[in-house]
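Structure at a glance
What follows is each chain in one-letter form.
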Amino acid sequence: LLKKNVKKFFKAKDEDLEEFKDYFKDPSDRGLTKLLPSGHIVCALGSTDIGLIAHEMFHVTVLYADTLGIAFNIDNHESYAYFLQYMITIIHEQIK
């Protein structure tokens, strides 16, 4: 059901979601973040561990900035930090 919804919503193909196939067999305490060809970023979290959330949201932050053409460097790392904080806060509010 989730794969069907992800495919429909993000206009993803089976090959776009191949990495998620093994992930959903045993997500345990892992996460998986992927940039789809459509430009959407999909992130799966295997637990609500704050360390895992921070780890995967860092990947989301980097991928999002890359899609905007913003390379991480000393002059713009604060924008990365604000976006990362925003994403973690949203997730934290949903799970507490």
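Located above this text is the structure these notes cover.
Okay, so let's go over this structure.

The rules behind each value
Residues numbered from 1 in each chain as written. Predicted model: local features only at pLDDT ≥ 70, side-chain atom pairs only at ≥ 80, totals over all residues. Heavy atoms only, no water. Helix = DSSP H or I, 4+ residues; strand = E, 2+ residues; numbered from the N terminus. Areas by Shrake-Rupley, 256 points an atom, 1.4 Å probe, with all protein chains shown as cover. Core = buried A, V, L, I, M, F, W, Y, C linked by side-chain atoms within 4.5 Å. Buried < 20%, exposed > 50% of the residue type's maximum accessible area, 1.4 Å probe, protein only. Pairing = 2+ DSSP bridges. Patch = residues over 30% accessible without salt bridge, like charges linked within 9 Å, V, L, I, M, F, W, Y side chains within 5 Å. Salt bridge = Lys/Arg side-chain N within 4 Å of Asp/Glu carboxyl O.

**Comments concerning the overall build of the protein**
For the protein, the count of helices and strands is 4 helices and 2 strands. The helix and strand sequence of the protein, counted from the amino end, reads α-α-β-β-α-α. Surface accessibility of the protein: about 6800 Å² in total, with carbon and sulfur atoms responsible for 59%.

**Notes on the nonpolar core**
Membership of the largest hydrophobic core is limited to 8 residues, which are Ala12, Leu17, Phe20, Tyr23, Leu32, Leu36, Val42 and Ala44. In this structure, Ile53, Met57, Met87 and Ile91 belong to the second largest nonpolar core, which totals 6 residues.

**As for the pairing of strand 2 (residues 41–45)**
Only one face of strand 2 is covered, namely the one carrying Val42 and Ala44; the face carrying Ile41, Cys43 and Leu45 has none of its residues buried. The sheet contact formed by strand 1 (residues 31–35) and strand 2 spans 5 bridges and is antiparallel. Across the sheet, residue Lys34 finds its bridge partner in strand 2, namely Val42. Where strand 1 folds back onto strand 2 in an antiparallel hairpin, the turn is made up of 5 residues, including Gly39, whose phi is positive at roughly 95 degrees.

**Description of the environment of Lys13**
Assignment of secondary structure puts Lys13 in the loop between helix 1 (2–10) and helix 2 (18–25). It is 10.0 Å that separates the C-alpha atoms of Lys13 and Ser38, two residues lying 25 residues apart in sequence.

**Section: a nonpolar patch on the surface**
Nonpolar side chains collect at one region of the surface, where Tyr64, Leu68 and Ile70 lie side by side and expose about 260 Å² of accessible area between them. When you line up the elements, Ile70 lands in the loop between helix 3 (50–67) and helix 4 (77–95). A residue is classified by how much of its surface remains accessible, and Ile70, at 33% relative accessible area, is partly exposed.

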